[in-house]
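Architecture at a glance
As a plain string of letters, each chain reads:
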Amino acid sequence: MNAPEFWVFVAFVIFMALVWKKASATIGTALDGRAERIRSELDEAERLHKDAQALLNGYQSRLADAKKEAEAVLAHAREEAARLQAQAGSDLEASLKRREAQAMDRIAQAEASALAEVRNLTVDVAIGASRRVLAGGLPPAQADKLIEQSIGELPKHLH
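Keep in mind that what you see is a predicted model, and the values were worked out from it rather than measured. (Residues numbered from 1 in each chain as written. Predicted model: local features only at pLDDT ≥ 70, side-chain atom pairs only at ≥ 80, totals over all residues. Heavy atoms only, no water.)

**Notes on the overall build of the protein chain**
Assigned secondary structure in the protein chain consists of 2 helices and 0 strands. Taken over the C-alpha trace, the protein chain has a radius of gyration of 61 Å; the compact-globule value for 159 residues is 15 Å, which it surpasses by more than 25%. With the C-alpha coordinates of the protein chain rotated into their principal frame, the extents come out at 195 × 15 × 15 Å. Of all 159 residues assigned to the protein chain, the portion counted as buried reaches 3%. Charge separation in the protein chain, taken as the distance between the mean sites of 21 positive and 23 negative side-chain charges, equals 2 Å. (Helix = DSSP H or I, 4+ residues; strand = E, 2+ residues; numbered from the N terminus. Rg over C-alpha atoms; globule rule 2.2 N^0.38 Å. Buried < 20%, exposed > 50% of the residue type's maximum accessible area, 1.4 Å probe, protein only. Lys, Arg positive; Asp, Glu negative; His and termini not counted. Charge placed at Lys NZ, Arg CZ, Asp CG, Glu CD.)

**Some remarks on the pattern of salt bridges**
Here the structure, examined in full by the defined rule, presents 5 salt bridges. Of the charged contacts, one joins E36 and R39 as a salt bridge, the two residues approaching to 2.7 Å between their closest N and O atoms. In this pair, E36 and R39 both sit in helix α1 (residues 4–136), 3 residues apart, roughly one turn of the helix. Classification of E36 as partly exposed rests on a relative accessible area of 45%. Between E80 and R83 there is a salt bridge whose closest N-O contact spans 2.4 Å. Highlighted residues: E80 and R83, both in helix α1, separated by 3 residues, approximately one helical turn. On the basis of relative accessibility, which here comes to 29%, the residue E80 falls in the partly exposed class. (Salt bridge = Lys/Arg side-chain N within 4 Å of Asp/Glu carboxyl O.)

**Some words on the UniProt feature "coiled-coil region" (unreviewed entry) in the protein chain**
Per the UniProt record, "coiled-coil region" (unreviewed entry) is found at residues 35–87. As annotated, residues 35–87 comprises 100% helix and 0% strand, and the C-alpha atoms at either end are separated by 77 Å. (UniProt positions renumbered as here; feature names shortened; annotations may be inferred.)

**Points about a nonpolar patch on the surface**
Taken together, the side chains of F9, F12, V13, F15, M16 and V19 define a hydrophobic patch exposed on the protein surface, amounting to about 570 Å² of accessible area. Structurally, the position occupied by M16 is in helix α1. Residue M16 is classed as partly exposed on the basis of its relative accessible area of 39%. (Patch = residues over 30% accessible without salt bridge, like charges linked within 9 Å, V, L, I, M, F, W, Y side chains within 5 Å. Areas by Shrake-Rupley, 256 points an atom, 1.4 Å probe, with all protein chains shown as cover.)

**A word on the packing of aromatic side chains**
Taken as a whole, this structure holds 1 aromatic pair when the rule is applied. A centroid spacing of 5.4 Å and a plane angle of 75° characterise the contact between F6 and W7, whose relative ring orientation is edge-to-face. The exposure class assigned to F6 is partly exposed, which follows from its relative accessible area of 34%. (Phe/Tyr/Trp six-rings, centres within 6.5 Å; stacked < 30°, edge-to-face > 60°.)

**Quick look at the environment of E46**
Relative to the elements of secondary structure, E46 occurs in helix α1. Along the sequence, E46 and M104 sit 58 residues apart, while their C-alpha atoms lie 86 Å from each other.

**Re the environment of A81**
With respect to the element layout, A81 can be found in helix α1. Taking relative accessible area as the criterion, A81 reaches 44% and is therefore assigned partly exposed. Through-space distance from the C-alpha of A81 to that of E36 is 66 Å; in sequence the pair is 45 residues apart.

Shown next, in the form of structure tokens:
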């Protein structure tokens, strides 16, 4: 026990025990602090992950709503186009019927005008024939017979 190596060994062991006691507390505290930092970073990462997932779900929901709205707008546009096409068809048909009626009225007016003109010409021809007959000195019985015959044939010439 008097050997200096023994006391150096004892001093070394005491020194190591004191250093270990101080160092282990410091190392434990440092490791506990680091573990707590890692735990808080993991919690923060988990919270950020949940926030990102909620944000993603919100965007997906909005996208689905936008798709539904776009489909509804497209369906409405198709219905409106079909309605406008049907309306344009009926408007065109009505316009064609009006024009046909106008054309028929014009034709009827032209026929009436032509018929009146033919009647006037027939009257003029009959008057001219009557003048010639009267000027030529036909006997009155023969003149009356020609006039009656002309009047009888008048409907044949009008149609």
